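Descriptive analysis of the structure
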Amino acid sequence: MRWLTIVVIALAMALAACQPQPAGIESGEANETDTGGSAAGDFGPPQGEPIMAVLTTAPNVPPPVNRDYPAKIIVDMEVRELDLEISEGVTYTFWTFGGSVPGNFIRVRQGDTVEFHLKNHPDSKMPHNIDLHAVTGPGGGASSSFTAPGHESVFSFKALNQGLFVYHCATAPVGMHIANGMYGLILVEPPEGLPPVDKEFYIMQGEFYTVGKYREKGHQPFDMQKAIEENATYVLFNGSEGALVGDKALKASVGDTVRLFVGNGGPNLVSSFHVIGEIFDKVYTEGGTRYQENVQTTLVPAGGSAMTEFRVEVPGTLIIVDHSIFRAFNKGALGMIKVDGDDNLPVYSGKEVDAVYLGDKVMAEELSLVSDVTQAELTGSATKEQRVNAGRVLYNGTCSVCHQQDGKGLAGVFPPLANSDYLMADKRRAIEVVLNGLTGPVTVNGSDFNSVMPPMSQLNDDEIANILTFALNSWGNEDGEVSSGDVAEVRAATERPQGAAH
Amino acid sequence: MRNLIYAIAFVAVLAWSAQLAQASEFVHISGGEFRSVIPEAEGDNLIAVDDFLVQDTPVTNAEFLRFVLHRPEWQRGSAVSLFVDDQYLATWAGPISLAPESGPQQPVTQVSWFAANAYCESKNARLPSWYEWEYLAAANGDMADARHLAEWRQDILSWYSQTGGDQIADVRSEPANYYQVFDTHKLVWEWVDDFNAFLVSGDNREQGGADQLQFCGAGAISMEEKENYAILMRVAMLSSLEARYTTRNLGFRCARQGGVRQ
């Protein structure tokens, strides 16, 4: 009997040695849910016909893999250098994987062999390559995929580890290639796939460094010095300030379970990813295998990812932000999920999301009013009516939080603009107040105020002109027009407080 | 018929030649020592450059057309595919005719290293070495070495911030530099003789650290003058090439050994 036992044990060990098994099984109870990492990710040579990968543009995600064997997946991706809109009326030369920022989403199964074709469009100025964090091997594919303009490189790798991985360009100078938008996500599904959900979306954060300041109109070149100083001009989801707002807001219905594949391209900043009005039921932190539950805000490292899941319970607009919150309101890191369906008053009393959070984004549909007058300004044909219309949009986004939508302010705290003797008395002073802020006692319509208005240094001359023209002609005020030339003149003539934007 | 076409082409070239405000000339560059972004040995990036002569503009389409008229073996469609890729001179209208988007005074692009080399040999010259090119291109309008100036870098980087699909400007569109040489930056990339010396060729690229530039981060270790992104990107571009490659924004100029002072 004793001999038999030994034989059985020896047999078992021999079997264990020649069959690939998840490492956890051998190493005992403590690791019983261990996936086994890359050692357990090779399911043998690819089977069946090669499959062309479905590549999608954010916020879309390819359908689940739904396959129970390892296959050969062909990924065909072209690098394009393109002038695209980064914000209303502002263009930037993006370097892209597949024509958009972030790059195409790739979805494969653990154990798949990926044959990657990287093409660099003939019009490209730069050579490019790709470093996929899903690759096990030096350089992550970068050396094998280094591609001159007008040429193509091919390399293969086996996706041994499951998870949500960033890919990016790693051509020198790496930081500049990433800063210009060269990143995306590749999902390596576990063999059994991910649990089904109702909606999946692809969101990737990245920051941009431009020579001009935030929302300064026209074509903006990359600013290397700002990038080195990590002083971002824009922090954006999906490569443009308008990517996830207005018509392009993500859509879901009450009762849906939503999964967000969240990446952060960087190049420098770590994201405090948060959805205002939701709690993540699950977060697969850092794009890995385990999930944390009931999370408010999750950190997404530069060059890292997270998967978040939540069920939407009530209708309304959820706001996606980087909760390093100046980035959301002053650098563009803001998106929306519009949820339709019936009210659920016991869960939430039903007030629509506060304008404080939406800022001018709630008016995304009306932003064309702003761009119209900007265009007209260039040809010198901007009318007072256009200014008033554009000014209303900008006022509601920037000023109404304090001065209120009806211009009446709040008694004792925020002075009124409606029928305001202080406002109407001196146009130049009004421009100075918006530009430089106002601290200390003032008397408006016979009431005393003593508080602080910060300098609106994020606004450009156009915007200030439009806001003031609107204020001078609204709520019973009937006088005057401010041109951007007026603002420029005051801006040039005033000593600006230390630290105010240039 | 064929002769007639040639004749027309010749007349056209002559007409262009007559229009040339200035043909490119070889100018003398006094050698010296400078710090290169690419060290000869680790930690030693002080490089001595001898006197040399260099063309004051990149070779133009008109000049290259004249070359292929004399050397039909370098015409598009005739050139051996070992020496040129399938995009060789693709922006021209035909083997011996230019096109609106590749005018006579624009720098010739879509040329391989082999073709550029053959052209320079026909002029009793050669391609400049990397160090010669880098030495030449360190200048701005009034200084031999302006690389420490932030504006100089930003100016060059701003060229990188424009897409490459647009029409390429004529040579001499921008002012000359300190050496009276035009267009070292902001027009096209340029071949150098030893473009593949900082990285080894395709078959042994995985050995050692030879192609470190291609890796994330590693490039930052081996490069000197790390802040000199403007030049670093040119190195990256050159290192992505094989000698038969051609690209839309890659041209060349020729150099000669510089014993003779003008």
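What counts and what doesn't
- Residues numbered from 1 in each chain as written.
- Chains lettered and ligands numbered in written order.
- Predicted model: local features only at pLDDT ≥ 70, side-chain atom pairs only at ≥ 80, totals over all residues.
- Heavy atoms only, no water.
- Pairing = 2+ DSSP bridges.
- Helix = DSSP H or I, 4+ residues; strand = E, 2+ residues; numbered from the N terminus.
- Axes fitted to C-alpha atoms, helices over the stretch in contact; angles between N-to-C directions.
- pLDDT = per-residue confidence, 0-100.
- Contact = heavy atoms within 4.5 Å.
- Patch = residues over 30% accessible without salt bridge, like charges linked within 9 Å, V, L, I, M, F, W, Y side chains within 5 Å.
- Areas by Shrake-Rupley, 256 points an atom, 1.4 Å probe, with all protein chains shown as cover.
- Salt bridge = Lys/Arg side-chain N within 4 Å of Asp/Glu carboxyl O.
- Buried < 20%, exposed > 50% of the residue type's maximum accessible area, 1.4 Å probe, protein only.
- Arc of directions from axis to C-beta.
- Buried area = accessible area lost by both parts, 1.4 Å probe.
- Polar contact = N/O pair within 3.5 Å; in protein donor to acceptor, adjacent residues only side chain to side chain.
- Nonpolar A, V, L, I, M, F, W, Y, C, P; charged D, E, K, R; others polar.
- Disulfide = S-S within 2.5 Å.
- Left-handed = near helix turned anticlockwise from the far one by under 90°.
- Core = buried A, V, L, I, M, F, W, Y, C linked by side-chain atoms within 4.5 Å.
- Phe/Tyr/Trp six-rings, centres within 6.5 Å; stacked < 30°, edge-to-face > 60°.
- Lys NZ or Arg CZ within 6 Å of the ring centre and 35° of its normal.

**Focus: the sheet that holds strand β18 (residues 297-300) of chain A**
All names here are of chain A. Reading across the sheet, the 5 strands line up as β13-β21-β20-β15-β18 and stay open at both edges, with mixed pairing between neighbours. Two strands lie at the open edges of the sheet, namely β13 (250-253) and β18, each paired on one side alone. Averaged over all pairs of adjacent strands, the angle between their axes in this sheet comes to 25°, without regard to strand direction. Pairing of strand β15 (residues 271-276) with β18, which is carried by 4 bridges, proceeds in the antiparallel orientation. Bridge assignment links Phe-273 to a residue of β18, and that residue is Thr-298.

**Overview of the confidence of the model for chain B**
Residue and element names in this part refer to chain B. Across chain B, the average pLDDT comes to 81, with 77% of residues at 70 or higher. Residue range residues 200-221 is modelled with pLDDT below 50. Its contacts to residues more than four positions away, or to other chains, number 41 contacts. With pTM at 0.77, the complex prediction returns an ipTM value of 0.78.

**Notes on a nonpolar patch on the surface**
All names here are of chain B. Residues Val-80, Leu-82 and Phe-83 make up a contiguous nonpolar surface patch of roughly 270 Å² in combined accessible area. Note on placement: Phe-83 falls in the loop between α2 (61-70) and α3 (113-122). Note on Phe-83: relative accessible area 30%, which makes it partly exposed.

**Things to note about helix α13 (residues 484-493) of chain A**
Residue and element names in this part refer to chain A. Turning to α13, its buried residues number three or more, namely Ser-484, Val-487, Val-490 and Arg-491. On an axial view of α13, the arc spanned by its buried residues comes to 125°, and they lie on one face. Facing away from the buried side of α13, by more than 90 degrees, are the exposed residues Glu-489, Ala-492 and Ala-493.

**Section: the interface of chain B and chain A**
Contacts between the two partners involve 32 residues from chain B, matched on the other side by 37 residues from chain A. Approximately 2800 Å² of surface area, both sides summed, lies buried where chain B meets chain A, with 64% of it carried by carbon and sulfur atoms. Counting every contact that joins chain B to chain A gives 4 residue pairs in polar contact (both at pLDDT 80 or more). When residues in the side of chain B that touches chain A are grouped by element, the largest group, 6 residues, is from helix α7 (residues 229-239) of chain B. Residue composition of the side of chain B that touches chain A, by class: 14 nonpolar, 13 polar and 5 charged.

**Brief notes about the state of the cysteines**
Residue and element names in this part refer to chain B. One pass over the full model with this rule turns up 1 disulfide over all chains. Residue pairing for Cys-120: its cysteine sulfur links by disulfide to Cys-254, the two sulfurs lying 2.1 Å apart. Around the S-S axis, the bridge from Cys-120 to Cys-254 shows a dihedral of about -85° and counts as left-handed. With Cys-120 in helix α3 and Cys-254 in the loop between β6 (250-251) and β7 (255-257), this pair connects stretches of sequence that are 134 residues apart. Just as Cys-120 is buried, Cys-254 falls in that class too.

**Section: the packing of helix α12 (residues 461-472) of chain A against α13(A)**
Packed helices, taken two at a time, are described by the angle their axes make and the gap between the axes. Residues and elements named next belong to chain A. Relative orientation of the contacting elements α12 and α13 amounts to 115°, with a least axis distance of 8 Å. Handedness of the α12/α13 crossing: right-handed. Here Asp-461, Asp-462, Ile-464 and Ala-465 of α12 lie close against α13, whose contacting residues are Ser-484, Val-487, Ala-488 and Arg-491. For the contact of α12 with α13, the per-class residue count stands at 4 nonpolar, 1 polar and 3 charged.

**Here's the deal with the environment of B:Ile231**
Mapped onto the secondary structure, B:Ile231 falls in helix α7. Linking B:Ile231 and B:Arg153, residues 78 residues apart in sequence, is a C-alpha distance of 8.7 Å.

**Let's talk about the nonpolar core**
If you look at the biggest cluster of nonpolar residues, it comprises 153 residues, and the most contacted ones within it are B:Phe64 and B:Phe252. Ignoring any residue separated from it by four or fewer positions in sequence, one finds B:Phe252 in contact with B:Pro58, B:Val59, B:Phe64, B:Val108, B:Val111, B:Ala116, B:Tyr119, B:Cys120, B:Leu127, B:Glu190 and B:Trp191. Grouped together as the second largest cluster of nonpolar side chains are 28 residues, A:Leu394, A:Leu417, A:Leu459 and A:Leu468 included.

**Structural notes on unusual backbone geometry**
Excluding glycine, a negative phi dihedral is what most residues carry, and trans is how most peptide bonds are arranged. All names here are of chain A. Looking along the chain, the bond that leaves Ala-58 and enters Pro-59 is cis, with omega of 10°. Along the chain, the position of Pro-59 falls in the loop between β1 (51-52) and β2 (72-87). Cis geometry marks the peptide bond from Val-101 to Pro-102; its omega dihedral reads 0°. Structurally, Pro-102 is set in the loop between β3 (90-97) and β4 (106-109). Residues other than glycine seldom take positive phi values, yet Glu-286 does so here, at roughly 55°. Along the chain, the position of Glu-286 falls in the loop between β16 (280-284) and β17 (292-295).

**Structural notes on the packing of aromatic side chains**
The full count for this structure, using the stated rule, is 34 aromatic pairs over all chains. Ring geometry for A:Phe155 and A:Phe157: centres 6.3 Å apart, planes at 25°, overall stacked. For the residue pair A:Phe155 and A:Phe157, the accessibility class agrees, reading buried in each case. Ring geometry for B:Trp113 versus B:Phe195: centroids 6.1 Å apart, planes at 50°, classification tilted. Of this pair, B:Trp113 sits in helix α3 while B:Phe195 is found in the loop between β5 (189-190) and α6 (218-222), placing the two residues 82 residues apart along the sequence. The pair B:Trp113 / B:Phe195 is uniform in exposure class, with both members buried. Linked through ring pairs, B:Trp74, B:Phe83, B:Trp113, B:Phe114, B:Trp191 and B:Phe195 together constitute an aromatic cluster. The residue whose ring lies beneath A:Arg67 is A:Tyr69, and the NZ or CZ to ring-centre distance is 5.6 Å. In this structure, A:Lys282 packs its charged tip against the face of A:Tyr291, placed 4.6 Å from the ring centre.

**Section: the pattern of salt bridges**
Under the defined criterion, the tally for this structure stands at 24 salt bridges over all chains. Two residues, A:Glu189 and A:Arg107, come together in a salt bridge whose shortest N-O distance is 2.6 Å. With A:Glu189 in strand β9 (residues 183-189) and A:Arg107 in strand β4, the pair connects residues that are 82 residues apart, well separated along the chain. Residue B:Asp56 pairs with B:Arg172 through a salt bridge whose shortest N-O separation is 3.2 Å. Of this pair, B:Asp56 sits in the loop between β4 (52-55) and α2 while B:Arg172 sits in the loop between α5 (150-160) and β5, placing them 116 residues apart in sequence.

**Comments concerning the environment of A:Thr56**
Residues and elements named next belong to chain A. Mapped onto the secondary structure, Thr-56 falls in the loop between β1 and β2. Separated by 287 residues in the primary sequence, Thr-56 and Asp-343 place their C-alpha atoms 33 Å from one another. Once residues within four sequence positions are removed from consideration, Thr-56 is found in contact with Val-61, Pro-62, Gly-103, Asn-104 and Phe-105. From its side chain, Thr-56 meets the backbone oxygen of Asn-60 in a polar contact 2.7 Å long.

**Regarding the side chain of B:Ser240**
Tracing the sequence through the fold places B:Ser240 in the loop between α7 and β6. Aside from chain neighbours lying at most four places away, what touches B:Ser240 is A:Pro127, A:Phe146, A:Thr147, A:Ala148 and B:Tyr245.

**Considering the sheet that holds β7(B)**
Residue and element names in this part refer to chain B. Judged by pairing direction, the sheet is antiparallel, and its 3 strands sit side by side in the order β1-β4-β7 without closing on themselves. At either margin of the open sheet sits one strand with a lone partner, and together these are β1 (26-29) and β7. Here the strands of the sheet are splayed against their neighbours by 25° on average, with no regard to which way each runs. In the sheet, β1 pairs with β4 via 4 bridges, with the strands oriented antiparallel. When the sheet's bridge partners are listed, His-28 is paired in β4 with Leu-53. Relative to β4, helix α4 (residues 130-137) is tilted by about 70°, and along the sheet it contacts β1, β4 and β7.

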